[in-house]
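# Observations on the model geometry
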Amino acid sequence: MRYLNIVKGVDKELPEEPDPLYVRNSVRIELKNSTRPSIDEMQNFAKENKLAFDIITNGSEFIVNEESKNARIEIHDIEDELAYEFKTRAESRYIGFTMANVEKLLLISVERKNKASLRLLMGGEGLLVIAKADEQAGLSLEEFLYGDNSIINEISAEKGSKVGLDIIQLSNKRSLNFYNAVLGEGSELNVNNFLCNREAKSRNKIVGYASSKVTINNIIIGKNSTIDIADSVNSKGPEAKSFLDASAIGSHGSTILMKENSSIEKGAYRSESVISTRGISLDDSKIEAIPSMGTEENDVKASHAAAVSPIRTEAIEYLMSRGISKSDSKKLILMGMLDKHIMRFS
């Protein structure tokens, strides 16, 4: 049985938004299959832009740099049993759509105390990456997403390991982007996510155990765009830390939703969680910053902040009084907001 047949009719079977917290704050994105970019097209793109990649894939074909050190790279066909398992795990029509198009999975692993850094060029529907860092290992992934794309990252960080994930959109086309991560004791996950798409949906879940640390950094640039992101971090052990930061700029009638959620469970004492969301609308664009936080412990540090506004007229006038043009003043203010986010990318 083909994987696509298993999830046939996914539009009717799966909900638009499974999390009741965000049911009222969600935007619908049209789902239709696009043609996979050819592997030759993607290679030419890399050459024209003088970019070197360890892995180039359109979800069906793979080019792997055999000289990639310390990382074990495997490519597996999706079998019916695994396909059915993923189908039953799908939480929304968007995840179901992505799973429906998976043909092969990419497995990347780093053994104990080793370190590896990989750069990937990925395009097309149904990209599935399983990344694992063993105890005290380090794994850094830079994923450059090409054309229309839908991708799922499954991340496992064992005790004392560090994982970095940079997700960079290379076009303004449609993107469905999901990652799930489990962080073992004392492990770290750093995610940098850059979105500039016409349409984008991102749903991400992280579970952190004792002394784990997760940092999520989102940059969103919307121009006549519909972009909807949601990050959720669940701290399950003592002294776990989470830092969620998102900034968005909207123009040309964009709609941008930023939903950042953190929960601290009973027993996760001395944990810390900070959520910060900020948006600047350059016209009548709609930007919503929706932080949410819950804790079942008293001995914790937790805070959240959200701010959405146009550029302050006073700030522009101050810079213009120093001899800077109006357009350059706006650019300086916007870059001032984004600079700290950009510097976090590897």
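Each remark here, short or long, concerns the structure printed above.
A brief report on the enclosed structure follows. (Residues numbered from 1 in each chain as written. Predicted model: local features only at pLDDT ≥ 70, side-chain atom pairs only at ≥ 80, totals over all residues. Heavy atoms only, no water.)

## Quick notes on the overall build of the protein chain
Heads up, the rule is: Only DSSP runs of H or I covering at least 4 residues are called helices, and only runs of E covering at least 2 are called strands; the numbering of each starts at the N terminus. Computation of the radius of gyration draws on C-alpha atoms alone. For the globule rule, the value is 2.2 Å times the number of residues to the power 0.38. Here's how the labels work: a residue is buried when its accessible area is under 20% of the maximum for its type, exposed when over 50%, partly exposed in between, all with a 1.4 Å probe on protein chains only. Contacts are residue-level and defined by heavy atoms, with any inter-residue pair within 4.5 Å sufficient. Computed with the Shrake-Rupley method and a 1.4 Å probe, the accessible areas treat only the protein chains shown as cover for residues.
When its secondary structure is counted, the protein chain shows seven helices and 17 strands. Since a compact globule built from 346 residues should have a radius of gyration of about 20 Å, the 20 Å found for the protein chain is in line with a globular shape. Principal axes of the C-alpha set define a box for the protein chain whose edges measure 65 × 50 × 45 Å. Across the 346 residues in the protein chain, those meeting the buried criterion constitute 50%. For the protein chain, the share of sequence-separated contacts (at least 6 apart) that also reach a separation of at least 24 residues comes to 77%. Counting only carbon and sulfur atoms, one obtains 48% of the accessible surface of the protein chain, whose full area is about 16300 Å².

## Re the packing of aromatic side chains
To keep things clear, this is the line we draw: In this analysis, rings of Phe, Tyr and Trp, with Trp reduced to its six-membered ring, are considered paired at centre separations within 6.5 Å, and the interplanar angle assigns stacked below 30 degrees, edge-to-face beyond 60, and tilted for intermediate values.
A full pass over the atoms with the stated rule returns two aromatic pairs. Judged by centre distance (5.6 Å) and plane angle (80°), the ring pair of phenylalanine 53 and phenylalanine 144 falls under edge-to-face. With phenylalanine 53 in the loop between helix 3 (39-48) and strand 1 (55-57) and phenylalanine 144 in strand 6 (residues 138-157), the pair connects residues that are 91 residues apart, well separated along the chain. On the basis of relative accessibility, which here comes to 13%, the residue phenylalanine 53 falls in the buried class.

## Some words on empty space enclosed by the protein
Our working definition: Using a 1 Å grid laid over the protein atoms alone, points where a 1.4 Å probe fits but cannot get out form a cavity; open sets with protein on both sides within 12 Å along at least 5 of 7 lines form a pocket; any residue with an atom within 4 Å of a point counts as lining. Grid points are joined across faces, edges and corners, and a volume is the space filled by probe spheres set on the points.
A full pass over the atoms with the stated rule returns one cavity of 30 Å³ or more. Approximately 40 Å³ is the volume found for the largest cavity. Contributing to the lining of the largest cavity are Thr57, Gly59, Phe62, Lys104, Leu106, Met122, Gly126, Leu127, Leu128 and Val129. Elements with a minimum of two residues in the lining of the largest cavity: strand 4 (104-110) and strand 5 (115-133).

## So, unusual backbone geometry
The phi dihedral of lysine 50 falls on the positive side, at around 55°, and the residue is not glycine. Its location among the elements puts lysine 50 in the loop between helix 3 and strand 1. Residues other than glycine seldom take positive phi values, yet asparagine 224 does so here, at roughly 55°. Structurally, the position occupied by asparagine 224 is in the loop between strand 11 (213-223) and strand 12 (226-235).

## Some thoughts on the nonpolar core
To keep it simple, the criterion reads: We call a set of buried Ala, Val, Leu, Ile, Met, Phe, Trp, Tyr and Cys residues a nonpolar core when their side-chain atoms join them within 4.5 Å.
The biggest cluster of nonpolar side chains holds 34 residues, and the ones touching the most others in it are Ile108, Leu120, Leu139, Leu141, Leu189, Ile206 and Ile216. Broken down by element, the residue count for this core peaks at eight residues, all from strand 5. Of all hydrophobic cores here, the second largest spans 13 residues; its members include Ile78, Tyr94, Val102 and Ile152.

## Some thoughts on the pattern of salt bridges
Quick note on the threshold: A pairing counts as a salt bridge when a side-chain nitrogen of Lys or Arg comes within 4 Å of a carboxyl oxygen of Asp or Glu.
The tally for this structure, following the rule as stated, stands at 14 salt bridges. Glutamate 74 is the salt-bridge partner of arginine 72, the closest N and O atoms lying 2.6 Å from each other. Residue classification places glutamate 74 among the buried positions, given a relative accessible area of 18%. For arginine 174, the salt bridge identified is with glutamate 125, shortest N-O distance 2.5 Å. Of this pair, arginine 174 sits in the loop between strand 7 (162-169) and strand 8 (175-183) while glutamate 125 sits in strand 5, and the two are 49 residues apart along the sequence. As far as burial versus exposure is concerned, arginine 174 and glutamate 125 are alike and both buried. Linked through salt bridges whose partners overlap, the residues forming this network are Lys201, Arg203, Asp228 and Lys259.

## Looking at the packing of helix 6 (residues 313-320) against helix 7 (residues 326-342)
The criterion, for reference: Axis lines are fitted through C-alpha atoms, for helices just across the contact stretch, and the angle between N-to-C directions can take any value from 0 to 180 degrees. Angular relationships are summarised with four words: roughly parallel below 35 degrees, roughly antiparallel beyond 145, roughly perpendicular across 65 to 115, and oblique for the angles in between. Take the far helix as your reference; a near helix turned counterclockwise from it by less than a right angle gives a left-handed crossing, and one turned clockwise gives a right-handed crossing.
At a minimum axis separation of 9 Å, helix 6 and helix 7 run at an interaxial angle of 120°. Relative to helix 7, the element helix 6 is oriented oblique. Classified by chirality, the crossing of helix 7 by helix 6 is right-handed. Residues Ala315, Ile316, Leu319 and Met320 of helix 6 form the contact with helix 7, whose participating residues are Lys326, Ser329, Lys330, Leu332 and Ile333.

## Section: the side chain of glutamate 74
For the record, the criterion: Any N or O atom pair separated by 3.5 Å or less is treated as a polar contact, with the protein-specific requirement of one donor-capable and one acceptor-capable atom, and with residues adjacent in sequence counted only for side-chain atom pairs.
Along the chain, the position of glutamate 74 falls in strand 3 (residues 71-77). Here arginine 72 takes part through its side chain, which lies 2.6 Å from a polar atom of the side chain of glutamate 74. Other than its neighbours up to four places away in sequence, glutamate 74 contacts Leu105, Leu106 and Leu107.

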